[in-house]
Amino acid sequence: MIFSHGGFRQALFAAVALFAGAAPVPSSSAGATSVEPVEVSARPITEFRIGRADKQFGPLEFVGGLEMTSPSRDFGALSAFRFLKGGRDFVGVADTGFWFFGTVTHDADKRPSGIRHFRMEQMVDASGQPIDEKSEVDAEGLSVKDGIATVGFERNHRVAQFKIGRDDMKAPFRQMDFLVPAWELRRNRGFETVTHANANGRHQGGLVVVSEKSLDKAGNIYAAIIEGPHKGVFTVKRNGDFDITDGAFLPDGDLLLLERSFTMAGGLKMRLRSVDGETVEKGAVADGPVLLEADMGYQIDNMEGLDVWTREDGALMVSLISDDNHSILQRNLYLEFILHQD
């Protein structure tokens, strides 16, 4: 069921937002975990701005998108994803405690056309048993490097590392020191951004984490460089009423952040902001310009996941996904843009 993009849906979203954090984990089974093949239907989205054929939005060019639905009760709540093969095979985490894997397909014009081979696997504890307690599996951020998935969790705040084994994900093998004092992290406003810096940059591929909305006394958002030669805590300037839901480093060293806002007056919005890579350093306040802002007049929802990749023709791509909170009032979207840096 899809509601219109008018005031009714915006008002109801408030109730969804209030209770999404308390939603139970929709566990599919008890006992040992298993891989669940999931049938996903994908309706193409050809217009980003509803009712308009515009393709260019500042430096971002809309390529296309998908509205994803499934009969599976476990499908949804997609919080973060990363491509294993640029624009094709991906791994992700749902904040209900599931891993998900799949493949994005494209048509002859390079527009996203569907989702194939989608499957989900419940997160497990050290004994291999599925974890059903929401506070232990509220996975929100993800980065992937050298076959290792690093995941940021809220509520029970932690950053954990897992070996990627398709159809055989185990418990984490390592917990990382996230450097930000634990008492500064708000219960449901933890590390939604987990990303590796550029390998050839000053942080030498080290992990960087950014919280959603854990604020210091100046009202800025806590973040940290937790690996590499320049480890330390920094903050990101909070700009307006937007919270940070994901991020990834661009080839030029800047940090692209996905941000979300919801107010009763302004409704739901999303934003992309490019943070100057030189300001991502211990003790600094990182900031940068807004590249794109969109409201409910555009094909958006609760945008939570972002990845950056390079297409075969050399185009720099930005992909986004939304988290439907397992609500009939929200949608699971996949959106694809070209980022022009001329």
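1. Structural notes on the side chain of T235
Positionally, T235 belongs in strand 16 (residues 232–236). A relative accessible area of 7% places T235 in the buried class. Not counting the four nearest positions on each side in its chain, T235 is found in contact with D216, N220, I221, Y222, A223, A284, V285 and A286.

2. Notes on the layout of surface pockets
In this model, the second largest pocket occupies a volume close to 480 Å³. Considering the residues around the second largest pocket, the lining is formed by 21 residues, among which V144, H196, F249, D307 and V308 are closest to the centre. Elements with a minimum of two residues in the lining of the second largest pocket: strand 5 (78–83), strand 9 (139–145), strand 13 (191–196), strand 17 (243–249) and strand 22 (303–310). No other element matches strand 22, which puts 4 residues into the lining of the second largest pocket. Class assignment for the residues of the lining of the second largest pocket results in 11 nonpolar, 7 polar and 3 charged.

3. Details of the sheet that holds strand 18 (residues 255–263)
Hydrogen bonds between backbone groups are what pair the strands of a sheet, and the pairing can be parallel or antiparallel. Reading across from one edge, 17-18-19-21 is the order of the 4 strands in this open sheet, with antiparallel pairing throughout. The sheet terminates laterally at strand 17 and strand 21 (290–294), the two strands that pair on one side only. This sheet shows a mean twist of 15 degrees between the axes of neighbouring strands, independent of strand direction. Two strands pair when backbone bridges link them, and strand 17 and strand 18 are joined in this way by 6 bridges, in the antiparallel orientation. Bridging across to strand 18, A248 finds its partner in L256.

4. Some words on the pairing of strand 4 (residues 60–69)
Judged by how many residues are buried, strand 4 sits mostly within the fold: 8 of 10 residues are covered. Inspection of the sheet shows strand 2 (residues 41–45) paired to strand 4 by 5 bridges, in the antiparallel sense. Within strand 4, the position partnered with P44 by the bridge is L66. The antiparallel hairpin formed by strand 3 (residues 56–57) and strand 4 contains 2 residues in its connecting segment, where G58 sits at a positive phi of about 60 degrees.

5. Concerning the sheet that holds strand 9
Within the open sheet, the 4 strands sit side by side as 9-10-11-12. Their pairing is antiparallel. The open sheet terminates on both sides in strands that have one partner only, identified here as strand 9 and strand 12 (174–176). Ignoring strand direction, the axes of neighbouring strands in this sheet form an average angle of 25 degrees.

6. Considerations on the nonpolar core
In this structure, F48, M270, L272, I300, L306 and L320 are the most contacted members of the largest nonpolar core, which totals 27 residues. For this core, the secondary structure elements donating two or more residues are strand 4, strand 18, strand 19 (267–275), strand 21, strand 22, strand 23 (316–322) and strand 24 (332–339). For this core, the element with the most residues is strand 24, which contributes 4 residues. Apart from the residues lying within four places of it in its own chain, the contact partners of L272 are L60, L256, L257, L258, P289, V290, L291, L292, L306 and L320. By size, the runner-up hydrophobic cluster in this structure holds 24 residues, among which are V38, F83, V104 and Y334.

7. Digging into the packing of aromatic side chains
For any pair of aromatic rings, the description rests on two quantities: the centre-to-centre distance and the angle between the ring planes. Using the criterion set out here, one finds 17 aromatic pairs in the structure. Put simply, the rings of F75, F81, F83, F90, F100, F118, W309 and Y334 pair up and form one aromatic cluster. The ring of F173 is capped by K163, whose NZ or CZ atom sits 5.9 Å from the centre of that ring. For the cation-ring pair, R271 lies above F242, with the distance from its terminal atom to the ring centre recorded as 3.9 Å.

Cut-off values and rules
- Residues numbered from 1 in each chain as written.
- Predicted model: local features only at pLDDT ≥ 70, side-chain atom pairs only at ≥ 80, totals over all residues.
- Heavy atoms only, no water.
- Helix = DSSP H or I, 4+ residues; strand = E, 2+ residues; numbered from the N terminus.
- Buried < 20%, exposed > 50% of the residue type's maximum accessible area, 1.4 Å probe, protein only.
- Contact = heavy atoms within 4.5 Å.
- 1 Å grid on protein atoms, 1.4 Å probe; cavity = no way out; pocket = protein on both sides within 12 Å on 5 of 7 lines; lining within 4 Å.
- Points joined across faces, edges and corners; volume = space filled by probe spheres on them.
- Nonpolar A, V, L, I, M, F, W, Y, C, P; charged D, E, K, R; others polar.
- Pairing = 2+ DSSP bridges.
- Axes fitted to C-alpha atoms, helices over the stretch in contact; angles between N-to-C directions.
- Core = buried A, V, L, I, M, F, W, Y, C linked by side-chain atoms within 4.5 Å.
- Phe/Tyr/Trp six-rings, centres within 6.5 Å; stacked < 30°, edge-to-face > 60°.
- Lys NZ or Arg CZ within 6 Å of the ring centre and 35° of its normal.

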